[in-house]
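# Results of the structural survey
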Amino acid sequence: MKLARHRARNAIGVFALVLTGIAATGCGGRVGEGGRVGLVYMDAQGYYAGVRKGMLDSSRELGEDVQILEINAQGDASKESRFVDTVSSAGVKALVMSPVSTTASIPAVKLAHNSGVKVICYNTCLTDEATRKYVSAWILGDPVKFGELAGAKAAEYFVSRHITAPRIGVINCETVEVCRQRRAGFQKALSAQLPQARIVANQQGTTIDSAVQVAERVLTAHHGLDAFYGESGGATMGAVRAVRQHGLTGKTVVFGSDMTTDLARELVDNRILKADVDISGRVVGKMAADTTAQVISGEKLSSQIVAAPVELYSTPGQARKWLATHADGLP
């Protein structure tokens, strides 16, 4: 998380630097000849650092001299809106973003669209109607499938231990729709094999610190809890730490989301974290660059939804491989 926050601060610095250049040189140029693309991260989770890496590494798809204007919105729709207003006025050709809210982000995206800016969502987007109206493409790893992979692995774990009615606490990120859909998929797959399984608590904890506190309260209220499901990376890591702090290693397990270096190490250990489902930020960033280039060039997409791969990690060997291929720590 320190690495992710550091990179997010750097992103804000880049944003300020590029805006200074815009003020001095004015607008103009198309993508490939001094063109500009806006890039918005929802928060400082490691996933978004991966998106940044993938996008910047693939930025030549957008032209040799393209300028990337970027900011971490920090979950703040008003901050997001000010950035979108500024870059729309600065003549960006496209805006690549993970909107903070399906509803509160609509005015900003509508403004960008009405200003002639092509909007490409990744991870999160707007309401269905607003997405159809104002968004050119949405890079999305199917959130229901995402949850189903975790739910099926949880069911497999409980069946192998003859636990027919597991009690599970959910640490959520359900201020965004994709997290609600992840939980729906998790419950669907779990209940298909274990109809007596119950979600006994579902509380928000998106950062590690908040998730630790929430998970500790759940453990206190529900003695003998069988497992947690973390809907995001912060939620998952917080649940793991709470289980360890309560001395429940080997008793309460965790099924999680969004791979990070810390979570990969926990999966290598395998005593608490049993599985983690991930959509690679770097892969999404590359797909965002590719898709943005297509949209700007006027190429017709086969579908508004551009499917990102969803991957399940459920063994120490898979986690070790992830660590080896992500030595820089970026997911």
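Structure: above.
Read on for a plain summary of the structure.

Analysis parameters
Residues numbered from 1 in each chain as written. Predicted model: local features only at pLDDT ≥ 70, side-chain atom pairs only at ≥ 80, totals over all residues. Heavy atoms only, no water. Helix = DSSP H or I, 4+ residues; strand = E, 2+ residues; numbered from the N terminus. Buried < 20%, exposed > 50% of the residue type's maximum accessible area, 1.4 Å probe, protein only. Contact = heavy atoms within 4.5 Å. Areas by Shrake-Rupley, 256 points an atom, 1.4 Å probe, with all protein chains shown as cover. Axes fitted to C-alpha atoms, helices over the stretch in contact; angles between N-to-C directions. Parallel < 35°, antiparallel > 145°, perpendicular 65-115°, else oblique. Left-handed = near helix turned anticlockwise from the far one by under 90°. Nonpolar A, V, L, I, M, F, W, Y, C, P; charged D, E, K, R; others polar.

Moving on, we come to the overall build of the chain. The helix and strand tally for the chain stands at 12 helices and 12 strands. Relative to its full complement of 331 residues, the chain shows a buried share of 53%. For the chain, the share of sequence-separated contacts (at least 6 apart) that also reach a separation of at least 24 residues comes to 74%. Working note: accessible area of the chain is about 13800 Å², and carbon and sulfur atoms make up 50% of it.

Angle between the axes and distance between the axes: these two values describe a pair of packed helices. Closest axis-to-axis distance for the helix α2 (residues 46–57)/helix α11 (residues 281–297) pair is 6 Å, and the angle between their directions is 40 degrees. Of the possible angle classes, the one that applies to α2 and α11 is oblique. Considering the relative orientation of α2 and α11, their crossing is right-handed. Seen from α2, the contacting residues are Tyr47, Gly50, Val51, Lys53, Gly54 and Met55; seen from α11, they are Gly281, Arg282, Val284, Gly285, Lys286, Ala288 and Ala289. Each residue belonging to the contact of α2 with α11 can be placed in one class, and the counts come to six nonpolar, four polar and three charged.

A word on the packing of helix α10 (residues 261–269) against helix α12 (residues 316–325). Contact geometry for α10 and α12: axes closest at 8 Å, N-to-C directions at 150 degrees. Taken together, the axis directions place α10 and α12 in an arrangement best described as roughly antiparallel. Relative to α12, the crossing made by α10 is left-handed. Residues Thr261, Ala264, Arg265, Leu267 and Val268 of α10 pack against Pro316, Ala319, Arg320, Trp322 and Leu323 of α12. Residue composition of the contact of α10 with α12, by class: seven nonpolar, one polar and two charged.

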